[in-house]
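Architecture at a glance
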Amino acid sequence: MPHALTWKDALQGHLTPELEEEINIYDTQIELKRQGKIDERVFAETRLRRGVYGQRYDNGQRHDGVGVQQLNYPSGELTKGPQTMWDAPGMQRIKIPFGGLNAEQMETLADLAEEYSDAICHVTTRQDFQLHFVHIEDTPDLMRRLAAVGITTLEACGNVVRNVTGCPLAGVCRDEGFDITPYAHALAYFLLGHKDTQDFGRKFKTAFSGCAQHACGLTTMHDLGLIASTRLEHGELRRGFQFYVGGGLGAVPHQAQLLEAFVPAEELLPLAQAVCRVFARLGEKKNRARARLKFLIAKLGIEEFRRLVLEERTILPEEPRWTAYLNKLHATDDQPTRAGGRLGPAPHPAEFQSWFESNVYAQRQPGYAVVTVCLPLGDITAQQMRALAAIARRYNGGRARTTVAQNLVLRWISQADLPALYADLVAAGLGQSGASTLADITVCPGTDTCKLGISSSRGLAAELRQRIIARNGALDASVKPLNVKISGCFNSCGQHHIADIGFYGVSRKVGNHVVPHFQVVLGGQSTDNAGAYGLSTVAIPSKRIPEVMTRLTDLYAKERQDHETFQAFIKRTGKARLRSLLEDLTRVPAYTEDRGYYADWGDPREYSLGDMGVGECAGEVVSMTQFGLAASERQAFEAQILSDNGDYHKAASTAYEAMLQAAKALIQVQYIDVKDDPEYVIQEFRERFYDTQLFYDPFAGPKFALYLFHAHDEGLAGLNPAAVRRRIEEARLFIEAAYACYNRLGQQQALI
Amino acid sequence: MDTLKYELKFFLDDASGVELEEFIPVFHDWIQTQQLEELLIDVADYRHVPQGPGVVLIAHDAHYVMDLTDERLGLLYSRRRETHPSRCAIETVEDRLKSVWHCALTACQRLAAHPALHGRLQFRGNELLLRCNDRLQAPNTTAAYDELCQHLEPFLATLYPGQRVEVEHICEHTSRLTVAIKVPEPLDVDTLLTRLA
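Residues numbered from 1 in each chain as written. Chains lettered and ligands numbered in written order. Predicted model: local features only at pLDDT ≥ 70, side-chain atom pairs only at ≥ 80, totals over all residues.

Points about the overall build of chain B
Helix and strand counts for chain B stand at 4 helices and 8 strands. In chain B, the succession of α and β elements from N to C terminus is β-α-β-β-β-β-α-β-α-β-β-α. Computed over C-alpha atoms, the radius of gyration of chain B comes to 16 Å, within 12% of the 16 Å expected from 2.2 N^0.38 for 197 residues, which places it in the range of a compact globule. Its C-alpha atoms give chain B principal-axis dimensions of about 45 × 35 × 35 Å. Pairs at least 24 apart in sequence give 60% of the contacts found in chain B among residues at least 6 apart. (Helix = DSSP H or I, 4+ residues; strand = E, 2+ residues; numbered from the N terminus. Rg over C-alpha atoms; globule rule 2.2 N^0.38 Å. Contact = placed C-beta atoms within 7 Å.)

Right, here's the structure in full:
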């Protein structure tokens, strides 16, 4: 019987060797987990760092509106993390640095959505894609297919540097300092997998903006926010960045603080690296709720944090990558493929005119425009994605970018092509107008798929959107540019803090029942890079939120003074009056009177909090040593497979490398900058763990350490199969001893 | 044809009076009572997406979609895995086709009979789409189509005995291997299920 072709075989040679190896390692780890040979938490963080997330109901339970039902998944008790069933559908997050995509990548995303997900590609508020309802066993092939078109899911989740976002207008914006794209690209790939970013207590988010005033980059709500800035020095215009640190939303939002007013471009990467090192060293590791960078800076104060970062910078070992990219800054430039032109004379059809007004932005390059493709709730079907790839190929050479408002943009569109482009978008079901208006709601997944969701943010967003579109003609012009952002809980993935009108999910008990509510957050500001955060006003039952929208927008339209912004209007009106405006909406009818209040939008089940689970946003705090030891176990496993297949030479070297890896992992407990050179590792291990007897087994003494030294001295010459098998066994024992040593060190630490 | 990922779509005869919203409580009801030969897990609501998957019942082995792709409402059965004990006996492509048809038709039958839908649904038994949702094992090529037909045609002959069955290869370059199946005479779901048995 012929061997079935696999994606691994089919794509051999199409991936970079590094990614190919990386995904093969992950594949092996999945197998090891199936066999129960990897620790639960280590495997959870391993998959999270590859973007493989849990999803609602993955603990094997679901409240069906009457009671909690067990979901008996076929693999029984097998899990993929603490309280996370192996077979439960999960989410795959896919990082798209600065949102940049090409047509081939779009087509691949479409293919993957169809074959492994539910035929929907979801754009997140951080320019990622998410595919939902994915089985963990499909994820290695999914990653291979992405890697074959230049996309990695590495570090899309977990306590690492998340997707580096960037203004989607970069390079074509009329107001930017300069194009941030090459810098965002360089920083994203410099920090990806960097040893100094592997030991965080929490995630680390980075954003770039080309200007200080618009809402495209949202830099002040990021751990690291970078705004393009130029300075005239000795008659020469130098590029650099305003360097902000410690911003973040979540339950406790913090505005980022200015670390340096001007960091020259050549200092961008090393200074970011220094920030990461300080965060890894001093950031909270035990209390997740206080582990983001913002809390460290609040604790130390910005002056002390600055001092530590600058001090760290001075001791950083030089890396060529810090500046290598500066010689090829134009490598990331988009080039127009069609001549710029002018939009043909009016009149145009009314639908086109409306779309043109809201969805088209004139680039600073004459004759070209950026077109926003509005995606309702951030969703695009696989078929639409493929159609959009074809449209992009036709009009701009096949380029698109995702946005933090969960849309896609096509840049470098000749203005003469706009009517034809619009017709093509309409044919694909993508011609919706209203970009950056009231109907263009930003929303997190909420109770649809998120384990932390309290209320149905997407259900509410869909309802509001429908009503706003229906009212569109009757809406006052002042109201249309307002933005609405909705989160399913206080964690703020929907960015409710920076909306004109924000909502986040909460619940209230009424009698013996629980009622879904949304807290109303007013007066936030997304312009000025998320310049101000709104304030919670009052919690309203979910089903009455549409009335909240109507009352607030009507009041603004009626009482707005001159060109008063919504934020200024809210401030002037005052919280007390706004609360009294909405007070009567807080009333919940009795369960017997109206059961509609006791169910959420788009979900007929009686509302319950029983489906909430343990979130994985925070990842598992797994040290570099634990990862290193897990990697050594995998290598020992591979050595065994090689030996079983008769490849003794490779098996022996892999067993030796496994021991070396375990030794290196232990050294990292004491010293992070461990080099890969075997002589160096042996020397460091000898000095730090053998000579000090830290590695000594309480009963066997130095025995296991000697296995490593012996294998190092002996090399591979003259090893017969029996000796190879012995070496593999010694590697296993050495790794076990390394684990025991690590545990002893942890106990000693706890006693201090 | 070494794939288990088949999709089958049965179109509604007249979808004019049917709202996608109506399927949400029905699918939740099915989960509550575990109505089908699947582990039923969740309902995904995509009504807001034009020409999209509408409302999806997520199961472990398959998705059941009230699908509006191509702007024609129908029930799309999309098999993902074969872990349910009822699928243990599947050995051949013919077994698999029979199983896929059985699951899709059963879902159509139960939807049509669901009290909340008041008997307004009628699925066309004589017009459907079959798709291989597996670009690796079943690429959209003439060779793969010919291979599929070797298995499909005898199976369709048992389902539509004595009837002329049109099988058309939909050849769009980037789509998955898809065939449109048409039989001139109208046929209901119950009859097909009886013949399948």
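Having seen it, we continue.
As for the overall build of chain A
Each helix and strand in chain A was counted, giving 23 helices and 26 strands. Scaling as 2.2 N^0.38, a compact globule of 752 residues should have a C-alpha radius of gyration of about 27 Å, and chain A matches this with 28 Å. Taking the principal axes of the C-alpha coordinates as reference, chain A spans close to 85 × 75 × 65 Å. Across the 752 residues of chain A, 54% fall into the buried class. The long-range fraction of contacts in chain A, counting pairs at least 24 apart against all pairs at least 6 apart in sequence, stands at 71%. (Buried ≥ 20, exposed ≤ 12 C-beta atoms within 10 Å, placed from the backbone.)

Some points on the sheet that holds strand β13 (residues 236–245) of chain A
All names here are of chain A. With mixed pairing, the 5 strands of this open sheet are ordered in space as β10-β11-β12-β13-β14. For this open sheet the edge positions go to β10 (161–166) and β14 (257–264), each flanked by a neighbour on one side alone. Looking at each pair of strands side by side, their axes are set apart by 25 degrees on average, direction ignored. Where strand β12 (residues 224–233) lies against β13, 10 bridges are found, and the strand directions are antiparallel. Note that in β13 the partner of Ser-229 across the bridge is Gly-240. (Pairing = 2+ DSSP bridges. Axes fitted to C-alpha atoms, helices over the stretch in contact; angles between N-to-C directions.)

Some details on the interface of chain B and chain A
The partner chain A presents 35 residues to the 31 residues of chain B that form the contact. Going through the elements one at a time, α1 (23–33), β2 (40–46) and β3 (54–59) of chain B are the ones with two or more residues in the side of chain B that touches chain A. Its residues placed into classes, the side of chain B that touches chain A shows 13 nonpolar, 11 polar and 7 charged. (Nonpolar A, V, L, I, M, F, W, Y, C, P; charged D, E, K, R; others polar.)

Observations regarding the confidence of the model for chain B
Per-residue pLDDT for chain B has a mean of 94; in total, 100% of the residues score no lower than 70. Predicted as a complex, the structure gets a pTM of 0.89 and an ipTM equal to 0.97. (pLDDT = per-residue confidence, 0-100.)

Examining unusual backbone geometry
All names here are of chain A. Between Ala-346 and Pro-347 the backbone carries a cis peptide bond, its omega angle lying at 5 degrees. Of note in this structure, Glu-155 is not a glycine but carries a positive phi near 60 degrees. Despite not being glycine, Leu-377 shows a phi value in the positive range, around 60 degrees. Here Leu-377 lies in the loop between β16 (368–373) and β17 (379–381). Given 25 C-beta atoms within 10 Å, Leu-377 falls into the buried group.

A look at the nonpolar core
Core analysis: the largest hydrophobic core is formed by 270 residues, its most contacted members being A:Leu187, A:Leu388, A:Met659, B:Leu75 and B:Ala104. At 13 residues, the largest contribution of residues to this core is made by helix α20 (residues 648–670) of chain A. Look past the residues within four positions of B:Leu75 in its chain and what remains in contact with it is B:Lys9, B:Phe10, B:Tyr64, B:Met66, B:Ala104, B:Ala107, B:Cys108, B:Leu111 and B:Phe123. (Core = buried A, V, L, I, M, F, W, Y, C linked by C-beta atoms within 7 Å.)

Considerations on the environment of B:His169
All names here are of chain B. Inspection of the secondary structure assignment puts His-169 in strand β7 (residues 166–170). Note on His-169: 16 C-beta atoms within 10 Å, which makes it partly exposed. In sequence terms His-169 and Asp-146 are 23 residues apart; their C-alpha atoms lie 9.5 Å from each other. Residues contacting His-169, with those up to four places away along its chain left out, are Tyr-145 and Val-179.

Here's the deal with the environment of A:Ala423
Residue and element names in this part refer to chain A. Looking at the secondary structure, you find Ala-423 in helix α13 (residues 418–427). Judged by the 13 C-beta atoms lying within 10 Å of it, Ala-423 falls in the partly exposed class. Note: C-alpha distance between Ala-423 and Phe-352 (71 residues apart in sequence) is 8.7 Å.

Comments concerning the environment of B:Ile41
Tracing the sequence through the fold places B:Ile41 in strand β2. Sequence spacing of B:Ile41 and B:Arg164 is 123 residues, and the spatial spacing of their C-alpha atoms is 39 Å.

Side note on the packing of helix α14 (residues 457–471) of chain A against helix α16 (residues 545–559) of chain A
Residues and elements named next belong to chain A. Between α14 and α16, the least distance of the axes is 10 Å, while the angle of their chain directions is 45 degrees. Taken as axis vectors, α14 and α16 run oblique relative to one another. Note on packing geometry: the crossing formed by α14 with α16 is right-handed. Residues Leu-460, Glu-463, Leu-464 and Arg-467 of α14 form the contact with α16, whose participating residues are Ile-545, Pro-546 and Met-549. Here the residues of the contact of α14 with α16 sort into 5 nonpolar, no polar and 2 charged. (Parallel < 35°, antiparallel > 145°, perpendicular 65-115°, else oblique. Left-handed = near helix turned anticlockwise from the far one by under 90°.)

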